[in-house]
Amino acid sequence: MSNAATATINLDALRFNLLQVRTRAPASKIMAVIKANAYGHGITQVASALSNVVDAFAVAQFQEAIKLRKTGFSQRIILLQGFADAQQLHTLSELDIDTVIHQFEQLYILQSTELEQPIHGWIKMDTGMHRLGFSIDQFNDVYEQLLKCKSIKEKPCCLSHFSNADDQSNQKTNVQIALFKKLTRSIAVEKSIANSAGILAWPDSHFEWIRPGIMLYGISPFANQYGKDLGLQPVMTLRANVIAIQAIKKGEKIGYGEMWQASIDTKIAVLGIGYGDGYPRNAATGTPIFISGIECPLIGRVSMDSICIDIGEHEISVGDVATLWGDELPVEKIAAAAATIPYELVCRVTERVPRKMKESHG
Ligand SMILES: *Cc1c(COP(=O)(O)O)cnc(C)c1O
């Protein structure tokens, strides 16, 4: 028996979710977003599982793009934050990686660097998020300059990003879509703006390329819905073993800071997982944990290597396996109990948690 927490990664569920993406946006090409180690799921395994069913991969950072290409993936790879200097640009050209261009420094480097091979460029337009991208006033000029730029092959594509698409009643998204359309009307380019929320809730946003991230992992981008309500299946299931059972007397207090006190005689189970594994330290007392067919409440402070749950009279033994989130317990529910979003929970599962790939063969 191992005391370590494990994250099971269900690659069948991943591919099932990809099919749901296709069904929602059948006319669009898919750029699977696998940044941040595929949202904590393991970038190489996720990319392998998707490699013959997507049109491209997208990552945020230079090192992620390099690693992906050097691992042997031959799809288009889009570097969402683009390059930082001429040396990185040369590397992108050598490895045939697409770059996003979101600010003038990158444009100047492109114009002043002679590349062995021109690369695909994606010009990022700021349609209202006001984080990355060229403003509406700058856009036409930058686009013209990129068309003339010898470092860019073919026509640059255009992308933008939503600020509020997870709120289905917020009209800001329609404003962004309209602006994006208007600015690209006279130039026949491939366009992309839809993240998971756009794919699911804003069909006018699909255009030529969609960029699903969180929904691939079976998780809802919306605060009021779970992945399964949207026809998705969880990919990551985080589990840990019971490493001790304690009988607790009425009035005794548990854990650091004695944050929880037994109101009656009870039993607690200690699980071998804590914030050192990425379980959120601010998960509140009462956060559900699934074990032996029931949900038991987390009690007291989350420690680095362990947590406690109140099991009352239930028959639970050392070595039994608990689910922190995944198949039996939506990660969206745990995120709410920890005052965060499910994106953060899956991303921050730490390196000491082994990822065990699960898939059916044949
Ligand atoms: C992360 C990211 C996405 C994917 O967003 P989800 O909400 O996870 O679908 C799409 N586009 C860009 C630019 C991103 O940074």
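Fair warning: this is a prediction, and the values are worked out from it, not measured in the lab.

Some remarks on the site of the ligand
With respect to spatial proximity, the complete set of residues near the ligand consists of V33, K35, Y39, L80, H161, N195, S196, R211, P212, G213, I214 and Y343. Here an oxygen atom of the ligand and a backbone polar atom of G213 are 2.9 Å apart.

Regarding the sheet that holds strand β2 (residues 29-33)
Read once around its circumference, the closed barrel built from 8 strands follows the order β2-β3-β4-β5-β6-β7-β8-β9, with strand pairing classed as parallel. Relative to strand β5 (residues 98-101), strand β4 (residues 76-79) runs parallel, the two sharing 2 bridges. Pairing of L79 across the sheet is with T99, part of β5. Of the strands in this sheet, β5, β6 (121-124) and β7 (157-159) are in contact with helix α7 (residues 136-148), which crosses β6 at around 170°.

Considering the pattern of salt bridges
Throughout the structure, instances matching the rule amount to 13 salt bridges. A salt bridge links K191 to E208; the nearest nitrogen and oxygen atoms lie 3.6 Å apart. Within this pair, whereas K191 is found in strand β8 (residues 191-194), its partner E208 is found in the loop between α9 (196-201) and β9 (209-210), the two being separated by 17 residues in sequence. By relative accessible area, E208 is classed as partly exposed at 29%. When salt bridges that share partners are traced, they join D12, R15 and E359 into one network.

Notes on empty space enclosed by the protein
According to the stated counting rule, one finds 1 cavity of 30 Å³ or more in the structure shown. Of the pockets and cavities examined, the largest cavity occupies roughly 50 Å³. Lining the largest cavity, in full, are K124, M125, D126, T127, M129, R131, L132, S160 and H161. Residues that form the lining of the largest cavity fall into these classes: 3 nonpolar, 3 polar and 3 charged.

Re the packing of aromatic side chains
This structure, assessed with the given rule, holds 9 aromatic pairs. Between F57 and F73, the ring centres sit 5.9 Å apart and the planes meet at 75°, which makes this aromatic pair edge-to-face. Of this pair, F57 sits in strand β3 (residues 56-59) while F73 sits in the loop between α4 (62-71) and β4, and the two are 16 residues apart along the sequence. We classify F57 as buried; its relative accessible area is 0%. With a relative accessible area of 10%, F73 lands in the buried category. Measuring from ring centre to ring centre gives 6.3 Å for Y279 and W325, while their planes differ by 15°; the resulting arrangement is stacked. With Y279 in the loop between β13 (266-271) and β14 (288-291) and W325 in strand β17 (residues 321-325), this residue pair connects regions lying 46 residues apart in the sequence. A network of ring pairs unites the aromatic residues Y39, Y217 and Y343 as a single cluster.

So, how was this worked out
- Residues numbered from 1 in each chain as written.
- Predicted model: local features only at pLDDT ≥ 70, side-chain atom pairs only at ≥ 80, totals over all residues.
- Heavy atoms only, no water.
- Near = heavy atom within 4 Å.
- Polar contact = N/O pair within 3.5 Å; in protein donor to acceptor, adjacent residues only side chain to side chain.
- Pairing = 2+ DSSP bridges.
- Helix = DSSP H or I, 4+ residues; strand = E, 2+ residues; numbered from the N terminus.
- Contact = heavy atoms within 4.5 Å.
- Axes fitted to C-alpha atoms, helices over the stretch in contact; angles between N-to-C directions.
- Salt bridge = Lys/Arg side-chain N within 4 Å of Asp/Glu carboxyl O.
- Buried < 20%, exposed > 50% of the residue type's maximum accessible area, 1.4 Å probe, protein only.
- 1 Å grid on protein atoms, 1.4 Å probe; cavity = no way out; pocket = protein on both sides within 12 Å on 5 of 7 lines; lining within 4 Å.
- Points joined across faces, edges and corners; volume = space filled by probe spheres on them.
- Nonpolar A, V, L, I, M, F, W, Y, C, P; charged D, E, K, R; others polar.
- Phe/Tyr/Trp six-rings, centres within 6.5 Å; stacked < 30°, edge-to-face > 60°.

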